[in-house]
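Notes for the structure review
Residues per chain are reported as follows:
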Amino acid sequence: MDQIVEKFKDIPTTCLSDAMEGLNNLHPAIKPLQEAYKLAGRALTVKIPVGDNLAVLKAIRASKPGDIIVIDAKGDLYRAIAGDFVIGMAQTLGVGGFVVDGVIRDIAGIKALNFPVFARGTTVAASGKAGVGEINIPISCGGMTVHPGDMVVGDADGVVVIPQRVEQEVLEGSLKKLKKDQIREETISGNRDAILKHLDELINK
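A few points on the structure. The structure presented is a predicted model; accordingly, all values stated were derived computationally and were not measured.

**Here we look at the pairing of strand S3 (residues 68-72)**
- For S3, the buried fraction is high: five of the five residues fall into the buried class.
- Going residue by residue along S3, you find Ile68, Val70 and Asp72 tucked away on one face and Ile69 and Ile71 tucked away on the opposite face as well.
- Looking at chain direction, strand S2 (residues 39-47) and S3 are connected through five bridges and run parallel. Residue pairing across strands places lysine 47 opposite aspartate 72, the latter belonging to S3.
- After leaving S2, the chain enters helix H3 (residues 54-62) and then returns to the sheet as S3, a path that is right-handed.
- Pairing of S3 with strand S4 (residues 97-100) involves four bridges; the strand directions are parallel. Looking at the pairing, isoleucine 71 lines up with valine 100 of S4.
- With helix H4 (residues 84-92) bridging S3 and its parallel neighbour S4, the resulting β-α-β unit is right-handed.

**Thoughts on the packing of aromatic side chains**
- Under the counting rule described, the total for this entry stands at one aromatic pair.
- For the pair phenylalanine 98 and phenylalanine 115, a centre-to-centre distance of 6.3 Å together with 65° between the ring planes defines the contact as edge-to-face. In this pair, phenylalanine 98 is assigned in strand S4 and phenylalanine 115 in the loop between helix H5 (107-113) and strand S6 (117-119), connecting sequence segments 17 residues apart.
- Classification of phenylalanine 98 by relative accessible area gives buried; the value is 0%.
- Look at phenylalanine 115 and you get buried, because its relative accessible area is 4%.

What counts, and where the lines are drawn
Residues numbered from 1 in each chain as written. Predicted model: local features only at pLDDT ≥ 70, side-chain atom pairs only at ≥ 80, totals over all residues. Heavy atoms only, no water. Buried < 20%, exposed > 50% of the residue type's maximum accessible area, 1.4 Å probe, protein only. Helix = DSSP H or I, 4+ residues; strand = E, 2+ residues; numbered from the N terminus. Pairing = 2+ DSSP bridges. Right-handed = clockwise from strand over helix to strand, strands pointing away. Phe/Tyr/Trp six-rings, centres within 6.5 Å; stacked < 30°, edge-to-face > 60°.

Structure below.
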């Protein structure tokens, strides 16, 4: 088991983003289909042309349990990269979630699976399977470069990608930020004087 993945699962994306100075977030249009969805795992990357999802099927076939399938679909909003049947197969094989710079379809069926899918939205049109596309290569997804094996974390606020070379550093920095936020909340919550003092500190920083 990849122990560091487990450590990332309970860290909010906001703390991770702060630890990386807001530079490694995907485009904010890429959101979970349901706010409760969370994911954390290693990226299995997919690069496809608009309207062709054969490489997505290849990625599912090549996946290991816990992999997050991250798809560069060029931001296309017309043709879906997958529907509930394909997503259901991925779930059964142990895929940890989907992050799509594009759209999906069969939204009601996917929500019924209770499986984390992050996308730009939904559509009705299916993709074809001409066979063009690649997996496990560097891609661009939501304005971010994503390499195979990068850490991908998503929650209601969006998706953050942590390059492998800095993941330990980012983990430590985000845990410090999370602890600091918790202490601040406990200190000033409901305390008018403490809130005014904190506001002054922020304004005069």
